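The primary structure of each chain is shown beneath.
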Amino acid sequence: MKIILLTNIVPPYRQRAYGMLASLVHACNPARNPDGDFHVICTQRQEPQRAWPMLTGDFAQSILPGIKIPLGENRVIPINFGLIRALDAARPDVLIIAGFGLAQWQAHLYARRHNIPTILQFDGWAGSDATYQNRLRDCIRKTMIAHAKICIAAGENGQDWFVKSGKVRNNILIAPIPPSFKAPNHLHGFDDRPVDLLWCGRPTLSKGFETFLEIAAGLHRQGHAKRIQIVGACDQNDLANRLTGLGLSKATDHMPEIPPAKLPGIYQQAKLCLLPSRNDAYGVTVIEAIACGTVALASNRVGCVPDILGTAEILPCNIVPAWMTACARLLSDRAAWQKTQARQHSRIANNTPAHHAETILRACKMANSAEVPDA
């Protein structure tokens, strides 16, 4: 079985999963060339506003030439060339389409012309998708979903989104997103974490960074947040000025974005990691924090929260007093924090590269089977 996966980029949190998938596919086809069984085609080299290097791994990968039209923050529209030639050369048995860009639509049309079964992978859900809706986008998505044999969601929110879009639940698999790094074997306890509050990621309005600053300032004034850390801000001078204005400069350490391999050392120092996002397709920050034993609190607009967090850790994105109350409770009650840490960590057992790879391979086998009914 020859599998082609079309995506925008290979992010750090899928690099190892794709490598494992390549090994699994080759094990099913031991007589074939290992470089020819699984191939990833990317529409971009890098994601905007990310310090991610171009990632390769134990899988074949190519990048389509093209141009990118920026849309603000980390969103762009890539216009690529050469996809049809690449698919003609590959002659896939199954085509995995990740997302709904222009190249993905072109791949969908190619698959229909050549009667190739498609798998549609989407990490978002209705809450994260509402901001970007328009009639053309809706029409494209509904058509691609209707003709996909199997759909892969990142969590229950995504699975529900596919069901509302017309897919049979039995034909929707869930592949939780793993961390961008190998998780540490030992989780530090409450007393071994000197940082009270952590922000890790792009400090944008949609991610809730302004709300985080309000929460941090309020907790610092109350004496609950004595040490704060902010990772990921591009303009360090502007951030320093804002922290001074909020009275947080002496209590806060801050640094620009760092490579994924260095993130565990950051997370392991923090008691709480906050993500008061207004719009988050999945929320990998939540998974990465929990993988390192940091207790995560996130807004109800973060895609992964129903799968991972308890009711007390899921908060409205912009009601600062609710966040302060939840944080103060955990920072002042070691037993409650430890209980929450253990429960959250137990809920990410399937957020691993191996589970991700195995789920994609299962989807490919299902899509390549005549027994899968069309929805």
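Residues numbered from 1 in each chain as written. Predicted model: local features only at pLDDT ≥ 70, side-chain atom pairs only at ≥ 80, totals over all residues. Heavy atoms only, no water.

### Describing unusual backbone geometry
Phase 1 of the analysis: Positive phi values are uncommon outside glycine, yet R91 reaches one of about 50 degrees.
Phase 2 of the analysis: As for its position among the elements, R91 is in the loop between α3 (83-90) and β6 (94-98).
Phase 3 of the analysis: The phi torsion at N115 lies on the positive side, around 55 degrees, for a residue other than glycine.
Phase 4 of the analysis: Mapping N115 onto the fold places it in the loop between α4 (102-114) and β7 (118-122).
Phase 5 of the analysis: Judged by its relative accessible area of 69%, N115 is exposed. (Helix = DSSP H or I, 4+ residues; strand = E, 2+ residues; numbered from the N terminus. Buried < 20%, exposed > 50% of the residue type's maximum accessible area, 1.4 Å probe, protein only.)

### Observations concerning a nonpolar patch on the surface
Phase 1 of the analysis: Together, I69, I77 and L102 give the surface a local cluster of nonpolar side chains, amounting to about 240 Å² of exposed area.
Phase 2 of the analysis: We classify I69 as partly exposed; its relative accessible area is 39%. (Patch = residues over 30% accessible without salt bridge, like charges linked within 9 Å, V, L, I, M, F, W, Y side chains within 5 Å. Areas by Shrake-Rupley, 256 points an atom, 1.4 Å probe, with all protein chains shown as cover. Salt bridge = Lys/Arg side-chain N within 4 Å of Asp/Glu carboxyl O.)

### Considerations on the pattern of salt bridges
Phase 1 of the analysis: Tallied over the full model, the rule gives eight salt bridges.
Phase 2 of the analysis: Measuring nitrogen to oxygen at the nearest pair gives 2.9 Å for the salt bridge that ties R14 to D123. Placement of the pair is R14 in helix α1 (residues 12-28) and D123 in the loop between β7 and α5 (126-129), with a sequence separation of 109 residues.
Phase 3 of the analysis: According to the relative accessible area criterion, R14 is buried, its value standing at 6%.

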